[in-house]
Amino acid sequence: MGFPRGKSAFVSGATFGIGEAPGYSDTDLAAHAVLDALEKVNLRPGDIDGLFAAMPSDPFGQITLAQYMGIYPKILEGNRTGGSSFQTHAHIAAHLIASGEIETAVIAYGSNQRSAAGGLVSSPRVSPYQAPYRPMQPISSYALAASRHMHEYGTTKEQLAEVAVAARKWANLNPDAFMQGNLSVDEVVNARIISSPLGKFDCCLVTDGAAAVVMTSADRAKDIVNAPAYLLGAGQAATHWDILSMPDLTATAAAESGKRAFAAASVTPDQIDVVELYDAFTINTILFLEDLGFCPKGEGGRFVEGGAIAPGGQLAVNTNGGGLSCVHPGMYGLFVMYEAIEQIMGTAGKRQQADVNLAVAHGNGGTLSSQATLILGSEATL
């Protein structure tokens, strides 16, 4: 059996505590997002029979959240692949829903990284081959990929800056975005270097925040909301854990995860209306646009020039402001999904794009390690 195209759908989603949320634990934040998502569609915690979560500070976070909320699900899942965990959760949930094993799945995440830690929290695991150089992980790994892309394809700091500027322009349309205001290419290029060639604005935010989404069967979804976001395709792939073992620093496993997701959905990149990508760093957006098939390999820098992925550009990318300007509480993958759902359902406010029928929600885990791609569609795509 292949992927159950269009047999499951997202009917609701919510975020909570974006930016700074002092006094809340990770679990508090996640629970609030879950309750808000359920309330939108008149569901209760007791209606959840599949609970998926990957909490940053608790390896048993899905069990903790179930206890906290008084949920007794049939399926508990906490698969952890870093920021792509939530796309993998949706992939699994789609099969479980299509088989009839569960009816209502919730995928949740919460992190108080900014208010509790005051800075970026990353894995302490560093290869013994890297340790003598004292890399700033994960930033230095992404800087390595950016340097190689610049060397191989002539990508410039100005092109990387276009990604950050576009994200900020989208954030200015999003009242929930943590970072707003004007940002120019020159400001990005001339900002303080964090790990060469990446400067301050090439790097994701450090925020608090939580998100939750609700999935159910396609048949039931139509009785719950007017415009469900159907899950048409999903794909996963991984090439390495440590960046030193990445086969090619300029080519990610998104080429494989995307190929599988597009094949399952029976659509092609040129049909996609909005693209939500895990932009922990500006190089991510360029790499994923290439590897997912929106432009040829090596052309990502030129593809984003001139505001091409900003509001009013040729392709709407990271319409909430992304991890660069909206929210990045340790793992960003669920916020990617939430924004894609909002766009399909037509509930994204001032940043809403017209006639959105197909959206990509792509997650990235580790240091360009785990890639997972979802294709979402409106009822017109079934």
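Just so we're clear, the structure is a prediction, and the values are computed from it rather than from any experiment.

Caption draft 1: Representation of the packing of helix α1 (residues 26-40) against helix α2 (residues 61-69) in the model. In the contact formed by α1 and α2, the axes pass within 10 Å of each other and the chain directions differ by 65 degrees. The chirality of how α1 crosses α2 is right-handed. Where α1 abuts α2, its residues Thr 27, Asp 28, Ala 30, Ala 31, Val 34 and Leu 35 lie against Thr 64, Leu 65, Tyr 68 and Met 69. Residues belonging to the contact of α1 with α2 are distributed by class as follows: seven nonpolar, two polar and one charged.

Caption draft 2: Spotlight on the domain arrangement of the chain. Annotation of the chain at the domain level lists domain 1 (8-118 + 207-232) and domain 2 (138-202 + 233-381). Facing 40 residues of domain 1, the contacting portion of domain 2 comprises 40 residues. Summed over both sides, the interface between domain 1 and domain 2 buries roughly 3,200 Å², with carbon and sulfur atoms accounting for 69% of that surface. On the domain 1 side of the interface with domain 2, the three residues burying the most area are Ile 18, Gln 87 and Leu 232, jointly 23% of the side's total. Run the count over domain 1 and domain 2 and you get zero salt bridges. Inspection of the region where domain 1 meets domain 2 yields 12 residue pairs in polar contact (both at pLDDT 80 or more). Mapped onto the side of domain 1 that touches domain 2, the elements with two or more residues apiece are β1 (8-19), α3 (85-99), β4 (104-111), α4 (113-117), β7 (208-217) and β8 (229-238).

Caption draft 3: Quick peek at the UniProt feature "domain: Thiolase C-terminal" (unreviewed entry) in the chain. Within this structure's numbering, the places UniProt gives as "domain: Thiolase C-terminal" (unreviewed entry) are residues 235-377. Across residues 235-377, helical content stands at 30% and strand content at 17%; the span's end C-alpha atoms are separated by 15 Å.

Caption draft 4: Quick look at the environment of Ile 48. Within the secondary structure, Ile 48 is located in the loop between α1 and β2 (50-53). C-alpha separation for the pair Ile 48 and Leu 38, spaced 10 residues apart in sequence, amounts to 9.4 Å. If we skip the residues at most four places from it in the chain, Ile 48 touches Val 34, Leu 38, Ile 71, Pro 73, Thr 104 and Val 106.

So, how was this worked out
- Residues numbered from 1 in each chain as written.
- Predicted model: local features only at pLDDT ≥ 70, side-chain atom pairs only at ≥ 80, totals over all residues.
- Heavy atoms only, no water.
- Axes fitted to C-alpha atoms, helices over the stretch in contact; angles between N-to-C directions.
- Helix = DSSP H or I, 4+ residues; strand = E, 2+ residues; numbered from the N terminus.
- Left-handed = near helix turned anticlockwise from the far one by under 90°.
- Contact = heavy atoms within 4.5 Å.
- Nonpolar A, V, L, I, M, F, W, Y, C, P; charged D, E, K, R; others polar.
- Domains from an automatic or database assignment.
- Buried area = accessible area lost by both parts, 1.4 Å probe.
- Salt bridge = Lys/Arg side-chain N within 4 Å of Asp/Glu carboxyl O.
- Polar contact = N/O pair within 3.5 Å; in protein donor to acceptor, adjacent residues only side chain to side chain.
- UniProt positions renumbered as here; feature names shortened; annotations may be inferred.

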